[in-house]
Amino acid sequence: MGHEMKLALAFLCFTSFYVTVARASAFWEDFYVNFGDWMVEYPGDEIEAGNIVDLRLDNTTGSGFRSKYPFLYGHIGMKLKLVGGNSAGTVTSYYLASKFEKWCELDFEFLGNKSGEPYILQTNVFSEGKGDREQRIFLWFDPTEDYHYYGIIWNQDLIQFLVDDTVIRVFHNSKDLGIPYLDYQPMYVYSSIWNGEDWATCGGKEKTDWNLQPFAASYKDFEIDSCTVHEDHNDIHDCYEKLYSSGYGQPENRKLSQKQIQDLKRIQYNYVIYDYCTDAKRFNTTPPECARNWPQY
Ligand SMILES: *[C@@H]1O[C@H](CO)[C@@H](O)[C@H](O)[C@H]1NC(C)=O
Ligand SMILES: *[C@@H]1O[C@H](CO)[C@@H](O)[C@H](O)[C@H]1NC(C)=O
């Protein structure tokens, strides 16, 4: 059998599932605009077209995009430059979410602020429909000045939230403690900008200044190295096999490295302003999965 024939056959076997190679792809290869399309702009010259996307918000609507397919495990990320100047009241969200009734979700939410005041990055994890796992941090840079990378690395044992190359949060598989893990529901990637003036900035005290509209958040370098699950196909076992044979599923990546533990401690000491795990007023008993976090990891 000729080489090309073998390749063609191999390809046929994987038409429903494939792991893409790590790559930065054009926006529309993996995503489409799912609301406010007249507010979306594609700046950049011909070469860059499709590599930069601006989502905008005015007093009539926000805007957003969604991935074409859901993904299971691997590495998913992109670069964002947030609304500059007075961004009070605006919320830029970037999240992964599944579709079942008892859904899973991984959230990054960027809460704007008045000029010169710091953004808050709020993250949250939903497993089988249960969230209430907020963590809030200040960033160690101005996220409106330049593009920074935000992403997740996800395997059978842990989910890392990344800002540039720093782990800011980890959600461990705590099924042994009775907490459902995100291990069987593929998730779509979403992003949007919307008006959250009722709660976002200083607890809702700072409203959106519509004299400054439209507000724009910019995206580029869409990277997906994950298992794509096509809608007409419900069998996700191929994704498990891909995970086990990929780097993400190997023993060294199923626990945190010393550097990652140091990073998490540094973030915890210097940048975390709220952590549900230490909110005794809200929870009578500490949520079980918190036992996996600080100070042990
Ligand atoms: C939205 O802003 C425009 C331009 O400033 C203004 O003319 C319009 O009345 C505003 N609409 C609402 C619903 O506030
Ligand atoms: C906005 O700035 C104030 C004052 O520095 C700060 O307390 C608050 O946490 C900041 N972020 C948001 C989203 O409110």
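Worth saying up front: this structure is predicted, and the values here are computed from it rather than measured. (Residues numbered from 1 in each chain as written. Chains lettered and ligands numbered in written order. Predicted model: local features only at pLDDT ≥ 70, side-chain atom pairs only at ≥ 80, totals over all residues. Heavy atoms only, no water.)

## So, the overall build of the protein chain
- The helix and strand inventory of the protein chain stands at four helices and 16 strands.
- Going through the 297 residues of the protein chain one by one, you find that 52% of them count as buried.
- Carbon and sulfur atoms provide 51% of the accessible area of the protein chain, an area that totals close to 14,300 Å². (Helix = DSSP H or I, 4+ residues; strand = E, 2+ residues; numbered from the N terminus. Buried < 20%, exposed > 50% of the residue type's maximum accessible area, 1.4 Å probe, protein only. Areas by Shrake-Rupley, 256 points an atom, 1.4 Å probe, with all protein chains shown as cover.)

## Digging into the site of ligand 2
- Lining the immediate surroundings of ligand 2 are Leu111, Gly112, Asn113, Glu117, Pro118, Ile120, Phe138, Ala200, Thr201 and Cys202.
- Within the side chain of Asn113, one N or O atom sits 2.5 Å away from an oxygen atom of ligand 2.
- A distance of 2.6 Å separates an oxygen atom of ligand 2 from a polar side-chain atom of Glu117.
- For ligand 2, whose free accessible area comes to 350 Å², the fraction covered by protein is 71%.
- The residue makeup of the shell around ligand 2, split by class, is six nonpolar, three polar and one charged. (Near = heavy atom within 4 Å. Polar contact = N/O pair within 3.5 Å; in protein donor to acceptor, adjacent residues only side chain to side chain. Nonpolar A, V, L, I, M, F, W, Y, C, P; charged D, E, K, R; others polar.)

## Thoughts on the confidence of the model for the protein chain
- Summarising the model, the protein chain shows a mean pLDDT of 89, and 88% of its residues fall at 70 or more.
- Below a pLDDT of 50 lies the segment residues 1-22, which in the model reaches 30 contacts outside its immediate sequence neighbourhood of four places, other chains included. (pLDDT = per-residue confidence, 0-100. Contact = heavy atoms within 4.5 Å.)

## Points about unusual backbone geometry
- The omega torsion of the bond from Gln213 to Pro214 falls at -5°, within 30 degrees of zero and hence cis.
- Topologically, Pro214 is positioned in the loop between strand 14 (188-195) and strand 15 (215-229).
- Located in the positive-phi region is Asp132, a residue other than glycine, with phi close to 55°.
- Looking at the element boundaries, Asp132 is found in the loop between strand 9 (120-126) and strand 10 (135-137).
- The partly exposed category is assigned to Asp132, whose relative accessible area is 39%.
- You will see that Asp164, though not glycine, has its phi angle at about 50°, which is positive.

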